[in-house]
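Examination of the molecular architecture
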Amino acid sequence: MTESKNEFDAAKAISDLLQGIEKDRQQRILRWVAESLDIAVHTKTHTSTDSTQPGQPTGASPSSLPSTRGTATDIKTFMDGKSPKSDTHFVAAVAYYYRFEAPMEDRMESISAEVLQDATRLAGRSRFTKPIETLNNAKKQGYVDASERGAFKINSVGENLVAMTLPAGRVTVPKTSKPRKKRA
């Protein structure tokens, strides 16, 4: 009996923590928790028709994908808002955009070197000389995972980077000054 009570207490505590947070952020937080615990979480869909929609990535239900918030419908607007400073941050932002923010017909689970190069063109950024190396560097830094040969999928670290750290002007790192030497 105490085990089921603890389960309900844990669920209540999680529910209390998520109160007042937007639905899409709640879904993202729960997905990160599930990934960190290496468990699968199934969410119910809010559609009364078939759960798969045209252009939707395979293996994902509509409710497991955050909906487009209307803030960015194209990749250039999205990238302008995120302002990635490094190539690997750009990779994470591209993977995030195509996984969560792109119009439904353009969404994809993973990106390739070709998709990355096309994103640079669409975002008005200079092209990569070796995009596969840039993708591999983003993988080494932990922002994406290899899903199949030549394809990379954003992971929870990359999602966190793009969703929480990259928005321009939101996160500021205070500058620390070096301690001054006292004159004798």
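Residues numbered from 1 in each chain as written. Predicted model: local features only at pLDDT ≥ 70, side-chain atom pairs only at ≥ 80, totals over all residues. Heavy atoms only, no water.

Notes on the packing of aromatic side chains
Evaluation of the coordinates by the stated rule reveals five aromatic pairs. Three or more aromatic residues joined by ring pairs make a cluster, and in this case those are Phe78, Tyr96, Tyr97, Tyr98 and Phe100. Over the aromatic face of phenylalanine 90 sits the side chain of arginine 125, whose NZ or CZ is 4.5 Å from the ring centroid. (Phe/Tyr/Trp six-rings, centres within 6.5 Å; stacked < 30°, edge-to-face > 60°. Lys NZ or Arg CZ within 6 Å of the ring centre and 35° of its normal.)

Considering the packing of helix α4 (residues 87-101) against helix α5 (residues 113-123)
For the pair α4 and α5, the least separation of the axes is 11 Å and the interaxial angle reads 95 degrees. As summarised for this structure, α4 and α5 are arranged roughly perpendicular, according to the angle between their axes. Here Phe90, Val91, Val94 and Tyr98 of α4 lie close against α5, whose contacting residues are Val115, Leu116, Ala119, Thr120, Leu122 and Ala123. Residues belonging to the contact of α4 with α5 are distributed by class as follows: nine nonpolar, one polar and no charged. (Axes fitted to C-alpha atoms, helices over the stretch in contact; angles between N-to-C directions. Helix = DSSP H or I, 4+ residues; strand = E, 2+ residues; numbered from the N terminus. Parallel < 35°, antiparallel > 145°, perpendicular 65-115°, else oblique. Contact = heavy atoms within 4.5 Å. Nonpolar A, V, L, I, M, F, W, Y, C, P; charged D, E, K, R; others polar.)

Side note on the pattern of salt bridges
The full count for this structure, using the stated rule, is six salt bridges. For arginine 125, the salt bridge goes to aspartate 87, with nearest N and O atoms at 2.6 Å. Placement of arginine 125 in the loop between α5 and α6 (131-140) and of aspartate 87 in helix α4 is noted, with a sequence separation of 38 residues between them. One salt bridge in this structure joins glutamate 109 and arginine 99, with 3.6 Å as the shortest N-O distance. (Salt bridge = Lys/Arg side-chain N within 4 Å of Asp/Glu carboxyl O.)

Comments concerning the confidence of the model for the chain
Regions with low pLDDT carry predicted coordinates that are not meant to be interpreted in detail. Mean pLDDT over the chain: 77, with 70% of residues reaching 70 or higher. Per-element averaging of pLDDT across the chain places helix α1 (residues 2-18) at the bottom with 73 and α6 at the top with 97. Segment residues 44-71: pLDDT under 50, and 49 contacts once partners within four positions in sequence are set aside and those in other chains are kept. Every residue in residues 169-174 is under pLDDT 50, and counting partners more than four places away or in other chains gives three contacts. (pLDDT = per-residue confidence, 0-100.)

Points about the environment of alanine 92
Tracing the backbone through its elements, the reader meets alanine 92 in helix α4. Each C-alpha atom of the pair alanine 92 and isoleucine 111 lies 10.0 Å from the other, and the pair is 19 residues apart in sequence. Leave out the neighbours within four places in its chain, and alanine 92 touches Tyr143, Ile154, Leu161 and Val162.

Remarks on the nonpolar core
Counting residues in each nonpolar core, the largest one holds 31 residues, and the members touching the most others are Met79, Phe90, Val94, Tyr98 and Ile111. Breaking this core down by element, the ones donating at least two residues are α3 (75-82), α4, α5, α6, β2 (151-154) and α7 (156-165). If one sorts the elements of this core by residue count, α4 sits on top with 10 residues. Those residues in contact with phenylalanine 90 that sit more than four places away from it in its chain are Met79, Pro84, Leu116, Ala119, Thr120, Ala123, Arg125 and Phe128. (Core = buried A, V, L, I, M, F, W, Y, C linked by side-chain atoms within 4.5 Å. Buried < 20%, exposed > 50% of the residue type's maximum accessible area, 1.4 Å probe, protein only.)

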